Each structure stands twice: as C-alpha cells, then as structure tokens.
Amino acid sequence: MPNIPSGARGAVITGWGSALGENTVTNEDLARVLDTSNEWIIERTGILERHVGGSTASLSIESGRKALQMAGVDPTEIDALVLATTTPDRSVPATSATVQNALGLKCGAFDVNAACSGFVYAMINAHGLIAMGARKVLVIGTDTLARITDWTDRNTAVLFADGSGAVVLEASDTGSQLLGWDIDADGSAEKYLYAELGGNIKMEGKEVFRRAVRIMVDSAQKSLAAAGITAEQLTLVVPHQANIRIIQAACERLGVPMDKAALVLQHVGNTSSASIPLALVDSLDRGRVKQGDYLLLVGFGAGMTAASAVLQWGGSAS
Ligand code: UT7
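Residues numbered from 1 in each chain as written. Predicted model: local features only at pLDDT ≥ 70, side-chain atom pairs only at ≥ 80, totals over all residues. Heavy atoms only, no water.

**Re the sheet that holds strand β1 (residues 10-20)**
So, step 1. Strand order in the open sheet formed by 5 strands is β1-β7-β6-β4-β5, and the pairing between neighbours is mixed. Across the chains shown, the open sheet's two edge strands, defined by having one partner strand only, are β1 and β5 (108-112). With strand direction ignored, the average angle separating the axes of adjacent strands in the sheet is 15°.
So, step 2. Note: strand β6 (residues 136-144) against strand β7 (residues 162-172), 9 bridges, orientation antiparallel. Across the sheet, the residue bridging to Ile140 is Ala166, located in β7. (Pairing = 2+ DSSP bridges. Helix = DSSP H or I, 4+ residues; strand = E, 2+ residues; numbered from the N terminus. Axes fitted to C-alpha atoms, helices over the stretch in contact; angles between N-to-C directions.)

**As for the site of the ligand**
So, step 1. Taken together, the neighbourhood of the ligand is formed by 22 residues, with Thr36, Arg44, Lys206, His240 and Asn243 sitting nearest.
So, step 2. Trp40 places a polar side-chain atom, nitrogen or oxygen, 3.3 Å from a nitrogen atom of the ligand.
So, step 3. Residue Arg154 places a side-chain N or O atom 2.9 Å away from an oxygen atom belonging to the ligand.
So, step 4. Calculation on the ligand without its partners gives an accessible area of 950 Å², and the protein chains cover 75% of this total. (Near = heavy atom within 4 Å. Polar contact = N/O pair within 3.5 Å; in protein donor to acceptor, adjacent residues only side chain to side chain. Areas by Shrake-Rupley, 256 points an atom, 1.4 Å probe, with all protein chains shown as cover.)

**A short note on the environment of Lys191**
So, step 1. Note on placement: Lys191 falls in the loop between β8 (178-185) and β9 (193-194).
So, step 2. Judged by relative accessible area, Lys191 falls into the exposed class, the value being 51%.
So, step 3. Separated by 82 residues in sequence, Lys191 and Ala109 place their C-alpha atoms 30 Å apart. (Buried < 20%, exposed > 50% of the residue type's maximum accessible area, 1.4 Å probe, protein only.)

**Topic: the domain arrangement of the protein chain**
So, step 1. Each domain of the protein chain was delimited in the assignment, giving domain 1 (10-172) and domain 2 (175-317).
So, step 2. Between the C-alpha centres of domain 1 and domain 2 there is a distance of 15 Å.
So, step 3. Across the boundary between the two partners, domain 1 contributes 52 residues, which contact 50 residues of domain 2.
So, step 4. Roughly 3900 Å² is buried in total at the junction of domain 1 and domain 2, and carbon and sulfur atoms are behind 65% of that figure.
So, step 5. At the junction of domain 1 with domain 2, the criterion picks out 0 salt bridges.
So, step 6. Contributing elements (two or more residues each) for the side of domain 1 that touches domain 2: β1, α2 (38-45), β3 (49-52), α5 (118-131), β6, α6 (154-157) and β7.
So, step 7. The biggest single contributor to the side of domain 1 that touches domain 2 is β1, with 9 residues. (Domains from an automatic or database assignment. Contact = heavy atoms within 4.5 Å. Buried area = accessible area lost by both parts, 1.4 Å probe. Salt bridge = Lys/Arg side-chain N within 4 Å of Asp/Glu carboxyl O.)

**As for the nonpolar core**
So, step 1. Ile229, Leu234, Ile246, Leu296, Phe300 and Val310 are the most contacted members of the largest nonpolar core, which totals 45 residues.
So, step 2. Elements with a contribution of two residues or more to this core: α7 (205-227), α8 (244-254), β12 (294-301) and β13 (305-312).
So, step 3. The element that contributes the greatest number of residues to this core is α7, accounting for 9 residues.
So, step 4. Residue-level mapping places this core at the junction of two domains, with at least three residues from each of domain 1 (10-172) and domain 2 (175-317).
So, step 5. For Val310, the residues in contact, after removing those within four places along its chain, are Gln177, Leu178, Leu179, Gly180, Ser223, Leu224, Ala227, Ile229, Leu295 and Leu296.
So, step 6. Counting 43 residues, the second largest nonpolar core, distinct from the first, contains Ala114, Ala122, Met123 and Leu297. (Core = buried A, V, L, I, M, F, W, Y, C linked by side-chain atoms within 4.5 Å.)

**Description of the packing of α7 against α8**
So, step 1. Where α7 contacts α8, the two axes come as close as 9 Å, and the packing angle between them is 40°. Looking at the two axes, α7 sits oblique to α8. Viewed along their axes, α7 and α8 form a crossing whose handedness is right-handed. Across the interface between the two elements, Phe209, Ala212, Val213, Met216, Val217, Ala220 and Gln221 of α7 pack against Arg245, Ile246, Ala249, Ala250, Arg253 and Leu254 of α8.
So, step 2. Looking at the contact of α7 with α8 residue by residue, the class counts come to 10 nonpolar, 1 polar and 2 charged. (Parallel < 35°, antiparallel > 145°, perpendicular 65-115°, else oblique. Left-handed = near helix turned anticlockwise from the far one by under 90°. Nonpolar A, V, L, I, M, F, W, Y, C, P; charged D, E, K, R; others polar.)

Printed below as a string of structure tokens:
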C-alpha cells in the first residue's frame with residue numbers, strides 16, 4: 001500500500017457513539033431452537049449473547065447522533081457521511097441518504113460495502129476526503145445481519161447480530177492520527193462467504209477461519225510497516241469481532257498479547273461493519289486509550305477483504 005505523503009492534512013477522532021439491536025439473544029435461547037449448546041458456542045466462538053433488532057438506518061442514526069453530540073459538532077458542519085454497511089435497508093437509495101436526512105446533515109453521503117472490513121475502508125476513505133479539503137466527516141459502521149441470517153442454520157445463526165458504531169473525524173493542522181493503512185480484497189474467495197440478493201448468508205466456516213488469520217496478519221504487518229512502528233509498540237489492537245479463536249491466533253502471530261486486544265464479541269457477536277467501531281468505542285469509553293498511544297484497527301470479511309489502519313491517538317507531532 002502507498003505511504004501517506006508528507007504534508008497531507010491529517011485528522012483526529014473527536015467524538016464517538018454506538019447502538020445495538022434492542023433484543024438480546026443468549027446462547028441458551030438459540031440452544032432451545034437449534035441443535036447447539038451454550039458450551040459449544042462459547043468454546044468455538046467466545047460469544048455469550050448478541051443483540052438483534054432495528055434497521056441499518058435506525059441504528060446508524062442512533063450511533064451517529066451520539067458521536068456528533070460528543071464531538072460538539074452541529075450536523076450542518078459535517079462535510080461528508082461515509083456509512084460502511086453490508087446490509088443496506090434498500091437497494092436504492094443508499095442507506096447513508098436516509099441517515100443524512102434524519103441527522104440533519106447538509107453534505108454528500110455514500111455507503112461502502114467491504115463486508116466486515118467496511119469500517120476500516122470507510123475510515124481510510126474519510127481520511128482521504130480530509131486530505132482533499134473536507135474538515136469534518138462522520139464515519140459510521142452498521143450492520144443488521146439478523147435480517148439475512150438463516151435462523152435454522154446452526155453454522156451461521158450462532159455468530160451474527162446487529163449493531164452500529166460511529167466516529168466524528170475532524171481535520172487537524174497540527175498532526176495526523178492515521179500513520180499507516182492497507183486495504184485488500186481477493187474476489188476469487190467470494191464463494192466461501194456470500195449472500196445472494198434477497199438471500200441468507202452462506203459460509204464455509206473452516207475455510208473462512210483459515211484465511212481470516214492469514215489476511216488479517218498480512219494486512220496488519222503492511223500497516224505497521226507503513227507507520228514505521230513495531231507490533232510491540234501497540235497499546236491496543238481493535239480486531240474484527242468474528243471469533244475469539246481468530247483474534248487469539250492473529251494476535252499470537254503478530255506477537256501482541258491478548259490483553260492488548262479490544263474485545264466485545266462476548267456480548268455483541270459478529271456485527272460485521274459495526275464490529276470494529278463497537279470494540280473501539282468500548283475501549284474509548286473505558287479509558288483504555290491515552291494521548292500518543294498506538295492503535296491498530298484490523299478486519300477481514302467477505303470479498304474476501306482485509307483492511308487495517310495504524311492510528312496514533314490525538315495525532316502525531318510529525
Ligand atoms: O465476519 C466473518 C464471518 N465469518 C467468520 O469469521 C467465521 C469463521 N469461522 C468460524 O468462526 C468457525 O469455523 C465456526 C465457529 C463457524 C465453526 O467452528 P469450527 O471449530 O470451525 O467448527 P467446524 O465447522 O469444524 O465443526 C465442528 C463440529 C461439526 O460436527 P462434526 O462434523 O465434528 O460432527 C459441526 O457440524 O461442530 C458442529 N457444529 C456445531 N455444533 C454445535 C457446527 N456448528 C455447530 C453449532 N453447535 N452451532
């Protein structure tokens with residue numbers, strides 16, 4: 001991936017928010033209707049419960065509004081809305097148009113579909129817009145996977161859920177937060193994870209697992225190299241929340257201890273485009289991130305996409 005040109009205007013995150021589907025579904029709830037068990041789901045995935053409900057627009061509006069409020073930014077000041085989603089509410093128009101109107105934004109709005117890597121793709125896009133003159137960009141990652149999950153298929157029903165996470169990015173003339181980035185895709189692997197229009201998610205779980213670890217690590221290493229830092233310097237890794245075992249394997253290969261990983265999948269399941277921002281927002285709310293800390297966002301998903309970004313919290317001085 002290209003390095004960020006010196007002198008490109010940077011950005012910092014100034015507000016954040018999240019939203020979850022209103023109904024909680026526990027493993028026990030699933031075990032009542034599927035040939036599965038609480039023990040199997042915990043051992044093989046790390047998930048205890050997930051949240052379902054709401055539309056992609058309604059969850060995005062909730063998380064986006066919280067992020068704007070926290071940043072103290074009036075909706076009319078936002079120059080662009082980038083919404084990462086794999087589950088738009090309609091084919092046309094983009095769900096970002098509905099969200100733009102509901103939040104009172106007066107700017108361009110577009111959806112990005114890069115599956116579970118979508119939020120990182122959206123963040124990188126947003127930094128590009130800021131480098132090109134935008135001053136404030138709202139970035140949201142939302143998915144309502146419950147709507148495209150076959151609830152009789154135990155291979156997928158135990159994993160997927162609904163949620164949203166949002167951040168406000170503001171131009172910074174004193175330092176850049178994004179130090180290195182990478183985006184990747186391999187369309188030849190699309191057969192392992194897909195949903196036809198109007199259909200449910202189909203997945204070859206084992207093959208996705210195998211590839212996931214490799215492409216996450218590969219992408220993360222490219223971003224770290226571009227940022228000029230080592231994995232040891234990271235304070236926090238914010239991985240896609242698909243399966244605790246995928247996160248463990250990726251962290252091990254990167255040489256990052258698990259206590260540096262942001263984890264919310266126990267309580268939210270796999271929310272695709274929302275997964276990384278939900279984990280990021282949780283860490284920020286818990287005060288896990290301090291000025292100057294190095295963060296790695298890293299995801300993988302259908303496509304098969306991968307994306308990563310190394311951020312320095314508050315922006316680097318250089
Ligand atoms: O956002 C990206 C989306 N996808 C992913 O990240 C998924 C990546 N893959 C995974 O997370 C894992 O492959 C799964 C969690 C989907 C499955 O775990 P696994 O350890 O790879 O299990 P498996 O597919 O090898 O299945 C092992 C056994 C099989 O039974 P047999 O053949 O050994 O008798 C399955 O039929 O577990 C059975 N099984 C289940 N048993 C109870 C599969 N799903 C379930 C289930 N409950 N829900």
